[in-house]
Amino acid sequence: MSDLHNLTLTELAEGLSAHRFSSRDIVDALLKRIDKADGKLHAFTEVYGKEAIALADAADSARRSGFPLGPLHGLPIAYKDLCDIAGRIGTGGSKMYATRKATETSNTVERLTAAGMVPLGKLHMVEFAFGGWGTNPLMGTPWNPWDLKTHRVPGGSSSGTGVAVAARLAPAGIGSDTGGSVRIPSAFNGLVGLKVTFGRIGLSGTILLSWTLDTIGPLARSVEDCALLLNALAAPDPRDPTTLGQPLEDFTHATQPGLIKGMRIALPDADQLPRFMHPDVVKAWQASARTFESLGATVEATRLPEWYFDLSQPAGTIIASEAFSLHRGYIEDATKPIGPAVRSRTVAAKDLAPGAYAEEIRIMADRRRAFTDWFGHHDAVLLPTVAVPAIPVAEVDEASPIPGYLTRPANYLGLCSLAMPSGQSNGLPLGIQIVGKPYGEGDILRLGKAFQDATDFHRRVPDLAVLDL
């Protein structure tokens, strides 16, 4: 019982099925841990203590009935505070929305609630989900649990999700990814995070940043957990037409033990990476390529299109343009409590030339067609996730391109991507991303599972003893 917080969703599900512990046991253990640690870590905007206990008890009652239950039934989850829940406060990371009550429930919360999951609460995030370092000057920046002496960036914009899952305050959490906001906190916190293909998971009831590039995705501590959550979330949502044409599949099949022999992984030339790459990140990425080779995959040295990493800039233009459209009614009002960096990023779109946004959308379609041709016979592209380990919050340059530089191209090109821990640098996690084709989640999960089984990076735990846990 003392180790319940360390178990993955998959392990917790197995324990529930074997009656080794109850949903109430799990929730009690996590609520106690949140109570002790979150004053320091600042991951939660709101903890649903009474509600979680009531739903855990209900799940245990259902299990005692002997009626078949789904694999997620009675398991805890926590939500980034852009997944609305009707009647509950939903801030979108903004102090301006501190008392905003949602009028509808997001597709994500509906589907996981229907699967029997128990909500632990809502999680902090970058304001309006617009930032990669994970900072939030007005609502507070969550504390990366891998260094309790120095306040380091948690990664954004799903900052609270990354911290809560890494610190074992929740076995898994929901984030969103518009330019890397699932993958960046996964890299900085040593987690597995899945950026799905646009249109995989419905966005209805979600506070949007960019209706063209937004995706919802899980952050967890194993590939299997991401597959379990994706099984529950990937489905047509009648309120979101972009989800209606997706192919349906059982993603847990991709996480069964098996060989990846013959799968082709593109390994770009290191000289294509930006000049600000940390050497330990590069070494971990190259070592991961050797691991895939040893597992039977064909790792092919190649060059990405010369414009690949330049895509971070047009992706940013599209995000800023759509963010300005969504927030134009108040973003320039200096009396509103909006963080200066987020305000600056958003207002920058006001200065775009007439027709610039439409031109960017046209060029994006051309780039997507060209990259489909380039991807060809490869099953995935292997890249680092973030160029550096987590830096101190005091050293953050909000104008820096670093956090999303390696992740934004996947959003721009309509791809899926699995972020995984790949090593450490002075005790701080490093990460790789396995980038797949549109609707290629099965392939990247299969590759990720093989890498996970051959390494122990996902099992490494931050030392939180000082918090009396």
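Residues numbered from 1 in each chain as written. Predicted model: local features only at pLDDT ≥ 70, side-chain atom pairs only at ≥ 80, totals over all residues. Heavy atoms only, no water.

Undergrad: Got a minute to help me understand helix H1 (residues 9-17) in this structure?
TA: Since the α-helix packs 3.6 residues into each turn, any two residues three or four apart lie on the same face. Buried within H1 are the following residues: Leu9, Thr10, Leu12, Ala13, Gly15 and Leu16. Close packing links the buried residues of H1 with helix H2 (23-41), helix H3 (49-64), strand S2 (76-80) and helix H7 (223-233). The first or second residue beyond H1 is His19, which carries a positive phi of 60 degrees. (Buried < 20%, exposed > 50% of the residue type's maximum accessible area, 1.4 Å probe, protein only. Helix = DSSP H or I, 4+ residues; strand = E, 2+ residues; numbered from the N terminus. Contact = heavy atoms within 4.5 Å.)

Undergrad: Is there a simple way to explain the sheet that holds strand S8 (residues 298-302) in this structure?
TA: Strands belonging to one sheet form pairs held by backbone hydrogen bonds; the direction of such a pair is parallel or antiparallel. If you walk across this open sheet you meet the eleven strands as S1-S3-S2-S4-S6-S5-S10-S11-S9-S7-S8, and the pairing is mixed. The open sheet has two free edges, formed respectively by strand S1 (44-47) and S8, since each of these has just one partner strand. Across the sheet, the mean angle from the axis of one strand to that of its neighbour is 30 degrees, orientation sign disregarded. Strand direction decides the pairing type here: strand S10 (residues 416-425) and strand S11 (residues 428-436), joined by nine bridges, are antiparallel. Bridged to Met420 within S11 is Ile432. Of the strands in this sheet, S1, S2 and strand S3 (118-123) touch H2, which is tilted by about 135 degrees from S1. (Pairing = 2+ DSSP bridges. Axes fitted to C-alpha atoms, helices over the stretch in contact; angles between N-to-C directions.)

Undergrad: Explain the side chain of Thr317 to me, please; I cannot follow it from the model alone.
TA: On the secondary structure map, Thr317 appears in helix H9 (residues 312-327). Once residues lying within four places of it in the same chain are set aside, the contact partners of Thr317 are Leu352 and Glu360.

Undergrad: So what exactly am I meant to see when it comes to the packing of helix H4 (residues 107-114) against H7 here?
TA: Two quantities define a packed helix pair, namely the angle between the helix axes and the distance between the axes. At their nearest, the axes of H4 and H7 sit 9 Å apart, and the two run at 105 degrees to each other. Taken together, the axes of H4 and H7 lie roughly perpendicular to each other. Listed contacts from H7 to Thr108, Arg111 and Leu112 of H4 are Leu229, Ala232 and Leu233. Residues of the contact of H4 with H7, tallied by class, amount to four nonpolar, one polar and one charged. (Parallel < 35°, antiparallel > 145°, perpendicular 65-115°, else oblique. Nonpolar A, V, L, I, M, F, W, Y, C, P; charged D, E, K, R; others polar.)

Undergrad: When you look at the packing of aromatic side chains in this model, what are you seeing that I'm missing?
TA: All told, the structure shown has 13 aromatic pairs when counted by the stated rule. Note on Tyr97 and Tyr330: the rings are 6.4 Å apart at their centroids and 75 degrees apart in plane angle, and the pair reads as edge-to-face. A residue pair is termed long-range when its members are at least 10 positions apart, and Tyr97 in the loop between S2 and H4 and Tyr330 in the loop between H9 and helix H10 (340-347) qualify at 233 residues. Looking at Tyr97, the relative accessible area reads 18%, which means it is buried. The class of Tyr330 is buried, set by a relative accessible area of 18%. Taken together, a centroid distance of 5.6 Å and an interplanar angle of 75 degrees make the contact between Phe371 and Phe375 edge-to-face. Here Phe371 pairs with Phe375, and both are found in helix H11 (residues 356-375), just four residues apart, close to one helical turn. Grouping residues by exposure puts Phe371 and Phe375 together as buried. (Phe/Tyr/Trp six-rings, centres within 6.5 Å; stacked < 30°, edge-to-face > 60°.)

Undergrad: Please explain the environment of Asp240 as it appears in this structure.
TA: With respect to the secondary-structure elements, Asp240 resides in the loop between H7 and strand S7 (264-268). The spatial distance from the C-alpha of Asp240 to the C-alpha of Gly134 is 28 Å, given a sequence separation of 106 residues. If near-sequence neighbours (up to four positions away) are discounted, Asp240 is found in contact with Ile201, Gly202, Leu203 and Ser204.

Undergrad: So what exactly am I meant to see when it comes to unusual backbone geometry here?
TA: Residues apart from glycine generally show negative phi values, whereas peptide bonds are mostly found in trans. Following Gly156, the chain continues into Ser157 via a peptide bond in cis, with omega recorded as 10 degrees. Tracing the backbone shows Ser157 in the loop between S3 and helix H5 (159-166). Phi is positive for His19, which is not a glycine, with a value near 60 degrees. Notably, Tyr439 is not glycine yet its phi reads approximately 60 degrees, a positive angle. Within the secondary structure, Tyr439 sits in the loop between S11 and helix H13 (441-454). Judged by relative accessible area, Tyr439 falls into the partly exposed class, the value being 28%.

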